Amino acid sequence: MRTKVAIIGAGPAGLLLGQLLHGYGIDNVILERHTGEYVLGRIRAGLLEEGTVALLDEVGAGARAHREGLVHGGIELAFAGGRHRIDLKGATGKTVMIYGQTEVTLDLMNARRAAGLTTIYEAENVQPLDFDIDRPRVGYVRDGVAGEIACDFIAGCDGFHGVSRASVKPAAIQTFERIYPFGWLGILSDTPPVSHELIYSNHERGFALCTMRSTRRSRYYLQCPLDDQIDRWPDDRFWDELKRRLDTEAADKLVTGPSIEKSIAPLRSFVAEPMRFGRMFLAGDAAHIVPPTGAKGLNLAASDAHYLAVALREYYDDRSAAGIDHYSDKALARVWKAVRFSWWMTSMLHKFPDTGTFGARIQLAELDYVTHSKAAMSSLAENYVGLPF
Ligand SMILES: Cc1cc2nc3c(=O)[nH]c(=O)nc-3n(C[C@H](O)[C@H](O)[C@H](O)COP(=O)(O)OP(=O)(O)OC[C@H]3O[C@@H](n4cnc5c(N)ncnc54)[C@H](O)[C@@H]3O)c2cc1C
């Protein structure tokens with residue numbers, strides 16, 4: 001098989017890149033390790049920046065998001081027993097949209113199917129080959145039969161644990177990492193959200209987040225120890241602990257119910273530099289991870305896909321390598337700003353085991369400042385709605 005761009009991974013980065021390239025007349029094949037159903041079953045991000053929604057529109061996959069997504073003009077920060085609204089729309093003119101990653105993925109998969117593009121699911125032993133010379137290939141095994149795709153470029157969109165970044169010679173890559181000393185315990189429940197906007201709570205018992213997927217489906221998170229186990233958290237214990245970390249009004253309003261998903265995710269900041277290795281590019285979680293506090297992971301995957309698609313269009317249409325030569329620097333400049341913002345939100349809102357009462361007081365001073373200074377509020381809002389790309 002031969003294609004122009006072989007994409008490894010059918011997550012948001014790979015699927016969006018595939019549709020953008022298709023729109024620019026650049027043929028591509030996606031190789032995905034799992035089945036489509038498995039990919040769709042992974043409960044992950046749920047908040048889209050306007051720029052991400054615009055990219056879904058560009059590839060003709062945004063209609064359902066506009067119909068079913070919830071547009072939010074603000075978020076609330078809860079601390080010291082009270083709640084304070086950050087007016088995102090007032091500060092920036094922009095909004096964010098609640099629309100689950102599972103739905104984004106489904107819409108992109110449907111667009112891909114409608115366009116008749118090839119996706120090879122359940123591809124085992126996927127291996128990017130010869131990307132440091134001019135004839136890259138991707139090897140794989142499907143149903144026990146070995147296959148190979150010859151291509152001009154490889155796009156490694158295979159997430160943090162993927163094979164693409166792991167295939168780069170250690171001397172060619174530099175990584176930057178911060179692992180946080182806690183995780184997020186999350187549940188999904190078919191209950192109405194406690195508030196129509198997100199509540200981020202800084203509490204002496206630990207951080208809590210009230211978010212949602214729709215007007216009938218809620219997503220709640222609690223900061224938990226890194227070595228915590230799901231089976232130690234029956235639903236009743238989760239709801240009791242969440243109520244303790246909210247202000248009285250929210251705790252009284254909270255509607256509880258059986259969880260339909262429960263998971264613990266570690267929090268990490270990670271960046272790999274560069275994002276290009278000869279004829280292979282990394283995009284999305286394959287190159288960087290942010291803690292979910294700033295809601296940036298999925299949105300960064302989308303902006304990387306955009307930068308890479310535009311660079312490849314320039315290569316094919318204008319016969320210019322300038323775009324692909326600058327892809328890494330351009331993407332990393334936006335990535336590092338989102339990494340900084342996500343780290344800052346995480347630092348301001350979580351209980352850190354090593355900073356003690358001094359650290360807790362600094363957090364309260366910062367939250368008081370952020371919710372009362374117009375300049376500080378605008379800075380948070382500008383980053384939260386997403387920096388331009
Ligand atoms: C548990 C969890 C919760 C999260 N919650 C949030 C959140 O609340 N807010 C937020 O903004 N972000 C969140 N994120 C981050 C967000 O989901 C990711 O940033 C986003 O999925 C990145 O998309 P991607 O396409 O780069 O990577 P992925 O979605 O990871 O997709 C990579 C794809 O590559 C495939 N793959 C991997 N290895 C191979 C291989 N060897 N061969 C072929 N295919 C391969 C995988 O199966 C997968 O389908 C969360 C992430 C996790 C893991």
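Reading guide: rules and limits
Residues numbered from 1 in each chain as written. Predicted model: local features only at pLDDT ≥ 70, side-chain atom pairs only at ≥ 80, totals over all residues. Heavy atoms only, no water. Near = heavy atom within 4 Å. Polar contact = N/O pair within 3.5 Å; in protein donor to acceptor, adjacent residues only side chain to side chain. Areas by Shrake-Rupley, 256 points an atom, 1.4 Å probe, with all protein chains shown as cover. Helix = DSSP H or I, 4+ residues; strand = E, 2+ residues; numbered from the N terminus. Contact = heavy atoms within 4.5 Å. Salt bridge = Lys/Arg side-chain N within 4 Å of Asp/Glu carboxyl O. Buried < 20%, exposed > 50% of the residue type's maximum accessible area, 1.4 Å probe, protein only. Pairing = 2+ DSSP bridges. Axes fitted to C-alpha atoms, helices over the stretch in contact; angles between N-to-C directions. Parallel < 35°, antiparallel > 145°, perpendicular 65-115°, else oblique. Left-handed = near helix turned anticlockwise from the far one by under 90°.

Caption draft 1: Structural detail: the site of the ligand. A13, E32, R42, Q101 and D285 are the nearest of the 30 residues found near the ligand. Between P12 and the ligand, the recorded distance is 3.2 Å, taken from a backbone N or O atom to an oxygen atom. Across the complex, the protein chains shield 87% of the 1,000 Å² of accessible surface that the ligand would expose by itself. Contributions of two or more residues to the shell around the ligand are made by helix 1 (12-23) and helix 10 (297-318).

Caption draft 2: Structural context of the environment of D27. When you line up the elements, D27 lands in the loop between helix 1 and strand 2 (28-31). Each C-alpha atom, one on D27 and one on W184, is 39 Å from the other, the two residues being 157 residues apart in sequence. Apart from residues no more than four positions distant in its own chain, D27 is found in contact with T3, K4 and V5. Within the structure, the side chain of D27 is placed 2.8 Å from the side chain of T3, a separation counted as a polar contact.

Caption draft 3: Highlighting the pattern of salt bridges. Applying the stated criterion across every chain yields a total of 26 salt bridges. Taking the shortest distance from any N to any O, the salt bridge between R83 and E76 comes out at 2.9 Å. In this structure R83 comes out as partly exposed when scored by relative accessible area, which is 24%. Within the structure, one salt-bridge network assembled from shared partners comprises R64, E68, E103 and D107.

Caption draft 4: Region of interest: the pairing of strand 12 (residues 153-156). Here strand 12 shows two buried faces, one formed by F153 and A155 and the other by I154 and G156. Sheet topology note: the strand 1 (residues 5-8)/strand 12 ladder contains four bridges and is parallel. Looking at strand 12, one finds that V5 is bridged to F153. Note that strand 12 and strand 19 (residues 280-282) share three bridges and pair parallel. Bridge pairing in strand 19 links A155 to F281.

Caption draft 5: Fine view of the pairing of strand 6 (residues 82-87). As paired elements, strand 5 (residues 74-79) and strand 6 share six bridges and run antiparallel to each other. Counterpart to A78 in the pairing with strand 6 is R83. Adjacent in sequence and paired antiparallel, strand 5 and strand 6 are bridged by two residues, among which A80 carries a positive phi angle near 50°.

Caption draft 6: Structural detail: the sheet that holds strand 10 (residues 137-142). Read from one edge to the other, the open sheet built from three strands follows the order 9-10-11, with strand pairing classed as antiparallel. Each end of this open sheet is capped by a strand with a single partner; those strands are strand 9 (124-129) and strand 11 (145-150). Direction aside, neighbouring strands of the sheet carry axes that sit 15° apart on average. With six bridges connecting them, strand 10 and strand 11 associate as antiparallel partners. When the sheet's bridge partners are listed, V141 is paired in strand 11 with A146.

Caption draft 7: Focus on the side chain of S201. One can find S201 in strand 14 (residues 199-201). A distance of 2.6 Å separates a polar side-chain atom of S201 from the backbone oxygen of R245. With near-sequence residues (within four places) excluded, S201 lies in contact with A78, G206, F207, A208, R245, L246 and L349.

Caption draft 8: Broad picture of the packing of helix 11 (residues 322-349) against helix 13 (residues 374-384). The N-to-C vectors of helix 11 and helix 13 enclose an angle of 125°; their axes lie 10 Å apart at closest approach. Comparing their axes, helix 13 and helix 11 come out oblique. Along this stretch, helix 11 crosses helix 13, giving a crossing that reads as left-handed. Here helix 11 contributes R340, F341, W344, M345 and M348 to the contact with helix 13, which in turn contributes L380, N383 and Y384.

Caption draft 9: Just the sheet that holds strand 17 (residues 259-273), in detail. In spatial order, the strands read 6-5-14-15-16-13-17-20; together these eight strands make up an open sheet with mixed pairing. The open sheet terminates on both sides in strands that have one partner only, identified here as strand 6 and strand 20 (288-289). Where strand 15 (residues 208-212) meets strand 16 (residues 218-224), five bridges bridge the pair, whose relative direction is antiparallel. Opposite C210, over in strand 16, you have Y220 as the bridge partner. The strands touched by helix 8 (residues 235-244) are strand 13 (174-189), strand 15, strand 16 and strand 17; relative to strand 16, the strand with the most contacts, the crossing angle is about 80°.

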